[in-house]
Amino acid sequence: MTSVEENTDHTADSGPSGYAAARLRLLQEESQSGPSRRSALAGLTDTWLNALFATAVRETGVRGATLVAVGGYGRAELSPRSDLDLLLLHDGRAEPRALSALADRVWYPVWDLGVALDHSVRTPAEARRTAGEDLKVHLGLLDARTVAGDAGLLAGLRTSVLADWRNQAAKRLPELHSLCRERAERAGELRFLLEPDLKEARGGLRDATALRAVAASWLADAPREGLAEARRRLLDARDALHLVTGRATDRLSLQEQDQVADRLGLLDADALLREVYEAARVVSYAGDVTWREVGRVLRARAARPRLRGLLGARGDRANTRAPLAEGVVESDGEAVLALAARPDRDPVLALRFAAAAAQAGLPVSLHAVRRLAAQAKPLPVPWPAEAREQLLTLLGAGEPTVAVWEALEAEGLITRLLPDWERVRCRPQRNPVHTWTVDRHLIETAVRASALTRRVGRPDLLLMAALLHDIGKGWPGDHSVAGETIARDVATRIGFDPQDIAVLGTLVRHHLLLIDTATRRDLDDPATVRTVADAVGSVGTLEILHALTEADALATGPAAWSAWRGSLVADLVARVAAVLRGSAPAAGEPEIPTTEQERLAVEALRTGEPVLALQARQEEDAVGVDLVVAVPDQPGVLPAVAGVLALHRLTVRAADLRSMELPDRLGEVLVLRWRVAAEYGALPQAARLRTDLVRALDGSLDVPAKLADREAAYPRRRGVVPPPPRVTVVPEVSSLATVLEVRAPDAVGLLHRIGRALEAAGVRVRSAHVSTLGANAVDTLYVTTPEGKPLDPAAASALAATVTTALS
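Residues numbered from 1 in each chain as written. Predicted model: local features only at pLDDT ≥ 70, side-chain atom pairs only at ≥ 80, totals over all residues. Heavy atoms only, no water.

Visitor: I tried to follow the overall build of the chain on my own but got confused; where do I start?
Guide: Helix and strand counts for the chain stand at 31 helices and 15 strands. For the chain, the spread of C-alpha atoms along the principal axes amounts to about 120 × 75 × 45 Å. Within the span of the chain, comprising 808 residues, buried residues form 52% of the whole. Sequence-distant contacts, at least 24 apart, represent 70% of the contacts inside the chain between residues at least 6 apart. A total accessible area of about 35900 Å² is found for the chain, and carbon and sulfur atoms account for 51% of it. Computed over 99 positive and 106 negative side-chain charges, the inter-centroid distance for the chain is 5 Å. (Helix = DSSP H or I, 4+ residues; strand = E, 2+ residues; numbered from the N terminus. Buried < 20%, exposed > 50% of the residue type's maximum accessible area, 1.4 Å probe, protein only. Contact = heavy atoms within 4.5 Å. Areas by Shrake-Rupley, 256 points an atom, 1.4 Å probe, with all protein chains shown as cover. Lys, Arg positive; Asp, Glu negative; His and termini not counted. Charge placed at Lys NZ, Arg CZ, Asp CG, Glu CD.)

In structure tokens, the structure reads:
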């Protein structure tokens, strides 16, 4: 059998060799490429097959037949080595022998040229019946067009096939979605593969075709922006691959990538992969949005009759919009913008929207993301504190972060927030150990880090370091060195203070230090440990670097982390920590109360009741206000105040509790300084807070019951379960009290539950220091016995276990 390119010795337009020569000339024309060449090749093939069919009809005498192109050929998209997908459609009146002869006179010349052929002979009724039984046949017929013969025969079939597709959408589309998922599991994710299959992998050409089929059902439509261009890029890459290899292949092998890049006028194989990955990302995102919309519509259709029967006129309640955050609500299983939201006046809205969606485990509305992209007010530089906290909340949400981040990235919001992201977006990693592109690896590292936040005192710095540790891979040279500079710039832009910026720079610069040292150096050599200690600088930074090392390795791929590697790193960390602790100063006691706090304390002792004051914060980018509460020392103050704040939907950003003795006066006063922000809407009036606090302290307001009622009315939304709380006893920090450190997910009533557990254990809270870092809370509590002495080690361990149980 002779290939089409070798048959160039004849020029007869209607003959096989004439077609072959014309085809070869077309493929060699530099001016013809992309869509125009695919269309021209389909037109050239049409002309040749039309002549073959006309001759075959004359020779066999068959009437009432048409030659139909389906699939890619039906769309007039022929790549250089594409097969031909043909259907010989007939009205059923011809003799079987004559019909067979007609088919042979068309099929054999195609085979003789070495062109792959997928063929069938059917009546319209048979074609329609086969389509009803075989999803792939049905999909092919959606793109059917007449090549030669009776066009009216296909027109009737197309009408029937399209009507069937739309009428059976509730059955057919789930089948198609299942087919897409199975193919993705088998072929992988195109935008992360070093040798991707341009057709079969997720985000490839078959998925783009599936989206066309969904649109044809009239049930849902894919986001169209960029989709046609992405599909064209994938087709262009496949064309170049066919020309380079001379084979009908869709796999972009490593050894052919440079040649394919050259044919496409790209710099190198990395530029080729990045362009392919960009296209696949657009197709994948369009698929995610489209299939979610299909599911929503089908669920609504299935539920509508049932709801009418159950609810009658109250059925509208099914569309209730539940609040998620200021300006963000849940509607029909998606995070959407509230009706009153104003992106043009609220620069933090995009990040608040993303963080709320990720924390709730909800997909984001395409319309909402596009509105934010079109109308969002730019963030000032440096960012306000709320923007920084919302970014950290988004990064700390776990697995849902990925889908939300990609939705924002698809509409250009990520590079607008973090301009340095552009250089790592869709950037391939040639190391086969890596599973992901650089950008996805950074997000996956943040996901892994979110599960390790209980191990560090600064989860915010861990999450930011996870996001930025490989940001230097978009620049020449050592990515750790380049990344340190970029990380410092980004951290400054986001609004971290100079000390935190320095820590982030150290983490990015040395993010490979622990794993490289642990696996390649002699840990028994004191110089090895001292070198690491000098580079890290502090126990706190070492703690974060340890968690970052594990998160980075876990996000790289299964070959990058093991129990053996983990044990080596842990051994090195223990040795370095011992060196650092030898010179590290012990933590001090809380600072001295302010004059304003003393004034409130005096008033509380004078009246014998709680006294409170709301004070605006002085910093321009401060989140929330300061609430200072002074209460005569008595049991239950911490859980009572924390519970009242939770009942009034006040989010605690930071808190400080201390016991104050006033000279020449009897008794002590507890002074609590809170930084709070309203969960939704405006802050409550100070008088209402004081009234409820008085009732909580005298027992007339059952705070636990009220909180339980609220939780029952608003059950926890789905989402990835955060890491469990961790309560530890911190040794050698204070000689006056036992110090407990609580690391837990920030949640409504968290401090209330901690306070109740401590009250139940019969200990006294001497002081408490609370910080909320994104979605994580790190609370330090100084506790004593009722006599004011530190707890013995056994009692301290038991107390930590008690608090852990209360939070679990």
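Read on for the rest.
Visitor: Could you clarify how one ought to interpret the pairing of strand S6 (residues 328-331) in this entry?
Guide: Regular strands place side chains that alternate from one sheet face to the opposite one. Here S6 shows no split at all, with Val328 and Glu330 on one side and Val329 and Ser331 on the other all buried. Hairpin connection of strand S5 (residues 322-325) to S6: two residues between the antiparallel strands, including Gly327 at a positive phi of 85°. (Pairing = 2+ DSSP bridges.)

Visitor: Whenever I open this one, the pattern of salt bridges confuses me. Can you help?
Guide: If you walk through the whole model with that rule in mind, you get 53 salt bridges. With its nearest N and O atoms 2.8 Å apart, the salt bridge here joins Asp270 to Arg430. Of this pair, Asp270 sits in helix H12 (residues 269-311) while Arg430 sits in the loop between helix H17 (413-417) and helix H18 (438-450), and the two are 160 residues apart along the sequence. Residue Asp270 is classed as partly exposed on the basis of its relative accessible area, which comes to 31%. Taking relative accessible area as the criterion, Arg430 reaches 33% and is therefore assigned partly exposed. The salt bridge involving Arg695 is made with Asp692; its shortest N-O contact spans 3.6 Å. One end of the pair, Arg695, and the other, Asp692, are both in helix H28 (residues 686-698), three residues apart, so they sit about a helical turn from each other. A relative accessible area of 33% means that Arg695 is categorised as partly exposed. Here the residues in one salt-bridge network are Arg37, Arg38, Glu229, Arg232, Arg233, Asp236 and Asp239, joined through shared partners. (Salt bridge = Lys/Arg side-chain N within 4 Å of Asp/Glu carboxyl O.)

Visitor: What should I look at first to understand the sheet that holds strand S4 (residues 145-149) in this one?
Guide: Adjacent strands of a sheet pair through backbone hydrogen bonds, lying either parallel or antiparallel. Spatially, four strands are ordered S3-S2-S1-S4 in an open sheet, and the strand pairing comes out mixed. Strands at the two margins of the open sheet, each flanked by one partner only, are strand S3 (117-122) and S4. Neighbour-to-neighbour, the strand axes of the sheet open up by a mean angle of 25°, direction not taken into account. Pairing between strand S1 (residues 65-69) and strand S2 (residues 84-90): five bridges, direction antiparallel. Within the sheet, the bridge partner assigned to Ala69 lies in S2 and is Leu86. The sheet strands contacting helix H4 (residues 96-112) are S1, S2 and S3, and the helix crosses S3 at an angle near 170°. Each of S2 and S3 touches helix H5 (residues 124-133); the most contacted strand, S3, lies at about 120° to it. (Axes fitted to C-alpha atoms, helices over the stretch in contact; angles between N-to-C directions.)

Visitor: What is the right way to look at the packing of helix H15 (residues 385-395) against helix H19 (residues 459-468) in this model?
Guide: Between H15 and H19, the least distance of the axes is 10 Å, while the angle of their chain directions is 75°. In terms of orientation, H15 and H19 fall into the roughly perpendicular class. For the pair H15 and H19, the contacting residues are Leu391, Leu392 and Leu395 in the first and Asp460, Leu463, Met464 and Leu467 in the second. Residue composition of the contact of H15 with H19, by class: six nonpolar, no polar and one charged. (Parallel < 35°, antiparallel > 145°, perpendicular 65-115°, else oblique. Nonpolar A, V, L, I, M, F, W, Y, C, P; charged D, E, K, R; others polar.)

Visitor: In this structure, what is going on with helix H23 (residues 526-536)? I would like to understand it.
Guide: Given 3.6 residues per turn, any residue in an α-helix points the same way as the ones three and four places further on. Within H23, burial applies to Thr528, Val529, Val532, Ala533 and Val536. Projected onto a plane normal to the axis of H23, the buried residues spread over an arc of 130° and lie on a single side. Facing away from the buried side of H23, by more than 90 degrees, are the exposed residues Pro526, Thr531 and Asp534. Phi for Gly537, located one or two positions after H23, is positive at around 95°. (Arc of directions from axis to C-beta.)

Visitor: Can you help me understand the side chain of Thr130 in this one?
Guide: Within the fold, Thr130 resides in helix H5. In this structure the side chain of Thr130 is engaged in a polar contact, spanning 3.4 Å, whose partner is the side chain of Arg122. Leave out the neighbours within four places in its chain, and Thr130 touches Arg122 and Val137. (Polar contact = N/O pair within 3.5 Å; in protein donor to acceptor, adjacent residues only side chain to side chain.)

Visitor: Sorry if this is basic, but what is going on with the packing of aromatic side chains here?
Guide: How two aromatic rings sit relative to each other is given by the distance of their centres and the angle of their planes. If you walk through the whole model with that rule in mind, you get four aromatic pairs. Seen from their ring centres, Tyr108 and Trp111 are 5.1 Å apart, and the 90° between their planes marks the pair as edge-to-face. Of the two residues, Tyr108 and Trp111 are both situated in helix H4; the distance of three residues between them amounts to about one turn of the helix. According to the relative accessible area criterion, Tyr108 is partly exposed, its value standing at 45%. One cation-aromatic arrangement involves Arg145 over Tyr73; the distance from NZ or CZ to the ring centre is 5.1 Å. One Lys or Arg, Arg166, reaches over the ring of Trp218 and ends 3.7 Å from the middle of that ring. (Phe/Tyr/Trp six-rings, centres within 6.5 Å; stacked < 30°, edge-to-face > 60°. Lys NZ or Arg CZ within 6 Å of the ring centre and 35° of its normal.)

Visitor: Please explain unusual backbone geometry as it appears in this structure.
Guide: Among all residues save glycine, negative phi is the norm, and among peptide bonds the norm is trans. In this structure, Pro382 follows Val381 across a cis peptide bond, with omega equal to 0°. Tracing the chain through its elements places Pro382 in the loop between helix H14 (366-375) and H15. Despite not being glycine, Ala76 has its phi angle at roughly 60°, a positive value. On the secondary structure map, Ala76 appears in the loop between helix H3 (71-74) and S2. Here Asp332, not a glycine, exhibits a phi torsion of approximately 55°, which is positive. Relative to the elements of secondary structure, Asp332 occurs in the loop between S6 and strand S7 (334-337). By relative accessible area, Asp332 is classed as partly exposed at 37%.

Visitor: It is not clear to me how the packing of helix H9 (residues 205-216) against helix H10 (residues 227-245) should be interpreted in this structure. Could you clarify?
Guide: If you want to describe how two helices pack, look at the angle between their axes and the distance between the axes. Two elements in contact, H9 and H10, have axes whose closest approach is 10 Å; the angle formed by their N-to-C orientations is 145°. Our pair here, H9 against H10, has a crossing hand that is left-handed. Residues Leu205, Ala208, Leu211 and Arg212 of H9 form the contact with H10, whose participating residues are Leu227, Arg231, Leu234, Leu235 and Arg238. Grouping the constituent residues of the contact of H9 with H10 by class yields six nonpolar, no polar and three charged. (Left-handed = near helix turned anticlockwise from the far one by under 90°.)

Visitor: So what exactly am I meant to see when it comes to the sheet that holds S7 here?
Guide: The strand order across the open sheet built from three strands is S5-S6-S7, with neighbouring strands paired in antiparallel fashion. Only two strands of the sheet have a single neighbouring strand rather than two, namely S5 and S7. This sheet shows a mean twist of 40° between the axes of neighbouring strands, independent of strand direction. Where S6 lies against S7, four bridges are found, and the strand directions are antiparallel. For Val328, the partnering residue across the bridge sits in S7 and is Leu337. Of the strands in this sheet, S5, S6 and S7 are in contact with helix H13 (residues 349-360), which crosses S7 at around 160°.

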